[in-house]
Amino acid sequence: MLEFIQLLKQRYQAVLSQPGNESAKTSYQQRIDQLILAEAFMRKGQLIASTPEYPLQITVIGPTQAGKSSLVNLLLNSNVAGVSPLAGYTVHPEGFCNDISPKDCSDLQRYFGRFQQLQQAHARTDRYDCYLLTENTTVSKYLPPSVLWDTPDFDSIDAANYREGLIRTIALADMIILAVSKEKYADQSVWDIMAVLEDLHQPTVICLNKLVEGSESLLIHSLKEKWRHARNDEFPEVVPLYYQKQTGMPVWPESRQNLLIQMAHKVNHKKQARYEQELLQKNWQYWVEPVVAEHQALKDWQELIDQLIKQALESYQRDYLNHPHHYETFKYALAQLLNLLEIPGLAGVLSGTRRVLTWPIRQIMKLGRKRQHIADSSHEVALLKQIAEHMLIQMADRLLDRAEQNRQNPWWKEASSLLRSQRSDILQDFSEAARRYHIAFQQEVENTAQQLYHKLQEKPVLLNSLRATRVTTDAAAIALALNTGGIGMHDLIIAPAMLTVTSLLAESAIGSYVHRAEAELKQHQLNTVKQSLFIDGMGRKLSALPKQLTHLTQFNIAPEQLQAAEHQLKEKRHGLRLL
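The shown structure was predicted, so the numbers you read here are calculated from the model rather than taken from an experiment.

### Some thoughts on the packing of aromatic side chains
- Scanning all chains against the criterion turns up 18 aromatic pairs.
- Aromatic pair tryptophan 411 and tryptophan 412: ring centres 4.8 Å apart, planes at 75°, arrangement edge-to-face. In this pair, the class of tryptophan 411 matches that of tryptophan 412, namely buried.
- Geometry around tyrosine 286 places arginine 31 over its ring, the cationic atom sitting 4.1 Å from the centre.
- Lying over the aromatic face of tryptophan 412, arginine 402 brings its terminal NZ or CZ to 5.0 Å of the ring centre.

Structure, rendered in structure tokens:
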């Protein structure tokens with residue numbers, strides 16, 4: 001699961017870094033911060049599992065000028081935390097080892113991952129991928145043995161630069177100290193972050209800093225209202241800190257001297273796994289929303305392709321296979337049947353003139369290169385090209401509509417541009433595929449003619465009748481050939497020989513067989529066109545187009561990856577399903 005959260009975070013960051021996604025920036029940045037928090041919280045779980053006795057971690061957080069560093073010094077009874085009147089002075093998380101050795105914190109490097117551990121003297125303000133670890137040499141009466149963390153603010157203009165370090169340090173905390181001043185406690189940024197932290201179930205103390213006499217009760221009442229509006233758990237302990245002008249330091253009340261030591265006993269690492277699961281489940285749908293949208297777009301894309309292929313095939317059936325004047329394929333089979341109707345004893349001039357008649361038919365039916373001119377003059381091939389072009393026009397229109405309806409999702413707009421750029425190549429590939437199909441399918445035409453001839457051989461009387469019909473119609477066909485200089489494709493289909501043979505077969509004893517042979521040829525032709533041209537051809541090319549979309553603007557998380565992660569989400573670490 002941790003790997004998936006890291007992948008999801010990286011994809012958000014990559015998408016957000018691209019121009020032209022202004023509308024989603026705020027939302028995406030919020031999700032990135034939440035994913036960083038979840039990742040860090042899960043890393044904390046690994047740290048607890050591998051090092052159960054790792055030192056207690058206490059993190060001080062707050063807005064600018066709330067006095068966080070001064071509070072850290074107060075709790076440590078030291079001046080190790082840098083203090084400045086300038087906002088944004090602290091830009092690195094800095095841990096102070098109180099009553100423990102820095103050697104006891106060696107596992108922190110594994111927790112912080114790519115962040116490098118540095119000493120105070122080596123910190124650079126222009127580098128944010130690091131954290132500081134310093135040993136406190138004084139004795140604190142307020143803290144248990146622990147690492148006390150001073151953190152950058154979360155509300156300044158520059159906070160985006162060091163936000164990740166802050167979030168990681170917050171997730172590491174076993175206890176949270178929220179430092180706010182009377183000027184800053186009501187800021188929305190304070191309560192936005194406190195609302196998010198509720199899911200981490202960290203014991204919390206609010207330090208109300210820079211107070212003046214008489215304002216305490218009113219401010220605490222207002223704090224309660226803010227807390228109840230942001231969170232549903234119990235309102236925490238509030239420690240009022242009065243400012244001393246002489247020292248410039250807040251004063252920790254004696255009555256709360258043991259507060260943090262007592263709170264340390266409330267830390268319960270046994271529930272860490274459950275808290276992780278709850279955090280993921282609560283935010284999961286929000287986090288994966290754009291991933292699911294991409295998957296839905298891919299599904300809609302494929303459904304659109306399937307729908308357009310269905311419409312294309314309906315047009316092919318209506319305008320070719322079922323059209324009484326345009327369907328030529330079965331006529332070709334009957335023309336081949338004429339060649340098979342040999343007449344014993346035919347000789348002389350008739351034999352020679354027949355070669356003039358049958359030459360166009362033989363050329364049509366031969367395999368190999370001599371067949372290629374069939375596709376060039378075929379009405380079927382021309383119609384298929386028109387259907388393919390119309391299909392792409394429809395698809396382009398649908399994509400533009402989807403892009404207009406989903407302006408926040410660039411997927412459809414990019415898909416539309418990609419289709420437009422590759423339209424010519426797709427049509428050219430389809431045209432060549434249609435031509436190859438048409439030439440190859442002539443073998444099925446010949447097979448149908450052979451089947452008809454073998455069936456006729458079972459009916460000698462009918463066979464002889466057809467042979468006689470061929471002899472009588474040869475004269476008319478020869479005359480036509482002599483007058484026109486040859487028999488063209490269309491002439492062949494409407495020639496008297498073809499019409500006569502068609503009528504005789506339809507009205508004969510094998511009429512039902514002929515109709516069945518024609519129907520089977522049509523069905524086989526439909527299946528072949530559907531599979532070879534539209535599913536394996538254009539359909540496959542269109543289905544592959546989304547893979548060519550710009551990866552930097554897409555999440556590109558496979559549905560299988562998401563499903564595997566969601567399966568883990570439904571399982572506890574020990575394998576029992578969460579109810």
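### Concerning unusual backbone geometry
- In the Ramachandran plot, aspartate 99 falls in the positive-phi region, its phi being about 60° despite a non-glycine side chain.
- Tracing the backbone shows aspartate 99 in the loop between strand E2 (94–98) and helix H4 (108–112).
- Aspartate 99 gets classed as exposed once you look at its relative accessible area, which sits at 60%.
- The phi dihedral of histidine 201 falls on the positive side, at around 55°, and the residue is not glycine.

### Topic: the nonpolar core
- Grouped together as the largest cluster of nonpolar side chains are 71 residues, with contacts concentrated most on Leu8, Met194 and Trp284.
- A total of eleven residues in this core trace back to one element, the largest contributor, which is helix H2 (residues 25–50).
- Here tryptophan 284 is in contact with Met1, Phe4, Ile5, Leu562, Ala565, Glu566 and Leu569, once residues within four sequence places are set aside.
- Within the second largest apolar cluster, 55 residues are counted, among which are Ala403, Tyr437, Phe441 and Tyr513.

### Overview of the environment of aspartate 174
- Residue placement: aspartate 174 occurs in the loop between helix H5 (159–172) and strand E6 (175–181).
- We classify aspartate 174 as buried; its relative accessible area is 3%.
- As a C-alpha pair, aspartate 174 and threonine 59 span 115 residues in sequence and 7.9 Å in three-dimensional space.
- Aside from chain neighbours lying at most four places away, what touches aspartate 174 is Lys44, Tyr54, Pro55, Leu56, Gln57, Gln202, Pro203, Val267 and His269.
- Here the side chain of aspartate 174 touches histidine 269 through a polar contact of 2.8 Å, side chain to side chain.

### Thoughts on the packing of helix H15 (residues 411–440) against helix H16 (residues 442–457)
- With their axes 4 Å apart at the nearest point, H15 and H16 run at an angle of 20° to one another. Classified by the angle their axes make, H15 and H16 are roughly parallel. From H15, His438, Ile439 and Ala440 reach across to H16, where they touch Gln442, Gln443 and Glu444.
- In the contact of H15 with H16, the residues fall into two nonpolar, three polar and one charged.

### Details of the pairing of E6
- For E6, the tally of buried residues reaches seven of seven residues, placing the bulk of the element in the interior.
- Residues Met175, Ile177, Ala179 and Ser181 line one face of E6 and the alternating positions Ile176, Leu178 and Val180 line the opposite face, and both faces are buried.
- As defined by bridge partners, strand E1 (residues 56–61) adjoins E6 across four bridges and the pair is classed as parallel. Pairing of isoleucine 61 across the sheet is with leucine 178, part of E6.
- Bridge count for E6 against strand E7 (residues 204–211) is six bridges, and the pairing is parallel. Bridge pairing in E7 links serine 181 to asparagine 209.
- Handedness of the crossover joining E6 and E7 through helix H6 (residues 188–197): right-handed.

### Things to note about the pattern of salt bridges
- This model, assessed by the stated rule, comprises 20 salt bridges.
- Two residues, arginine 114 and glutamate 164, come together in a salt bridge whose shortest N-O distance is 2.6 Å. Placement of the pair is arginine 114 in the loop between H4 and strand E3 (116–118) and glutamate 164 in helix H5, with a sequence separation of 50 residues.
- Across the pair arginine 168 and glutamate 164 runs a salt bridge, and its minimum N-O distance is 2.8 Å. Placement of both arginine 168 and glutamate 164 in helix H5 is noted, with a separation of four residues, approximately one turn of the helix.
- Note on glutamate 164: relative accessible area 14%, which makes it buried.
- In the salt-bridge network here, residues are joined through shared partners; they are Lys9, Glu39 and Arg43.

### Side note on the packing of helix H14 (residues 379–405) against H15
- Viewed as axis vectors pointing N to C, H14 and H15 meet at an angle of 170°, and their least axial separation amounts to 10 Å. Between H14 and H15, the angle is such that the two are roughly antiparallel.
- The residue inventory of the contact of H14 with H15, partitioned by class, reads 18 nonpolar, three polar and six charged.

### A closer look at the side chain of aspartate 33
- Within the secondary structure, aspartate 33 sits in helix H2.
- The exposure class of aspartate 33 is buried, given its relative accessible area of 18%.
- If near-sequence neighbours (up to four positions away) are discounted, aspartate 33 is found in contact with Arg163 and Ile167.

### Quick notes on the sheet that holds E7
- Strand order across the open sheet formed by nine strands is E3-E4-E2-E5-E1-E6-E7-E8-E9, with mixed pairing between neighbours. The open sheet has two free edges, formed respectively by E3 and strand E9 (250–251), since each of these has just one partner strand.
- Of the strand pairs in this sheet, E3 and strand E4 (residues 130–136) are connected by three bridges, and their pairing is parallel. Bridge pairing links glutamine 117 to tyrosine 131 in E4.
- Helix H3 (residues 68–76) rests against E1, E2, E4, strand E5 (146–150), E6, E7, strand E8 (237–243) and E9 of the sheet, and its axis sits at about 160° to E5.

### Observations concerning the confidence of the model for the chain
- A residue-level look at the chain finds 79% of positions with pLDDT of 70 or above and a mean pLDDT of 80.
- This stretch, residues 343–371, has a pLDDT under 50; its non-local contacts, to residues over four places away or in other chains, come to 43 contacts.
- A low-confidence stretch, residues 475–494 stays under pLDDT 50, and its non-local contacts, those more than four residues away or across chains, total 25 contacts.

### Notes on the pairing of E1
- A large share of E1 lies buried, amounting to six of its six residues.
- Of the two faces of E1, the one carrying Leu56, Ile58 and Val60 and the one carrying Gln57, Thr59 and Ile61 are both buried.
- Relative to E5, E1 is paired through five bridges, and the arrangement is parallel. For leucine 56, the partnering residue across the bridge sits in E5 and is serine 146.

Cut-offs used in this document
- Residues numbered from 1 in each chain as written.
- Predicted model: local features only at pLDDT ≥ 70, side-chain atom pairs only at ≥ 80, totals over all residues.
- Heavy atoms only, no water.
- Phe/Tyr/Trp six-rings, centres within 6.5 Å; stacked < 30°, edge-to-face > 60°.
- Buried < 20%, exposed > 50% of the residue type's maximum accessible area, 1.4 Å probe, protein only.
- Lys NZ or Arg CZ within 6 Å of the ring centre and 35° of its normal.
- Helix = DSSP H or I, 4+ residues; strand = E, 2+ residues; numbered from the N terminus.
- Core = buried A, V, L, I, M, F, W, Y, C linked by side-chain atoms within 4.5 Å.
- Contact = heavy atoms within 4.5 Å.
- Polar contact = N/O pair within 3.5 Å; in protein donor to acceptor, adjacent residues only side chain to side chain.
- Axes fitted to C-alpha atoms, helices over the stretch in contact; angles between N-to-C directions.
- Parallel < 35°, antiparallel > 145°, perpendicular 65-115°, else oblique.
- Nonpolar A, V, L, I, M, F, W, Y, C, P; charged D, E, K, R; others polar.
- Pairing = 2+ DSSP bridges.
- Right-handed = clockwise from strand over helix to strand, strands pointing away.
- Salt bridge = Lys/Arg side-chain N within 4 Å of Asp/Glu carboxyl O.
- pLDDT = per-residue confidence, 0-100.

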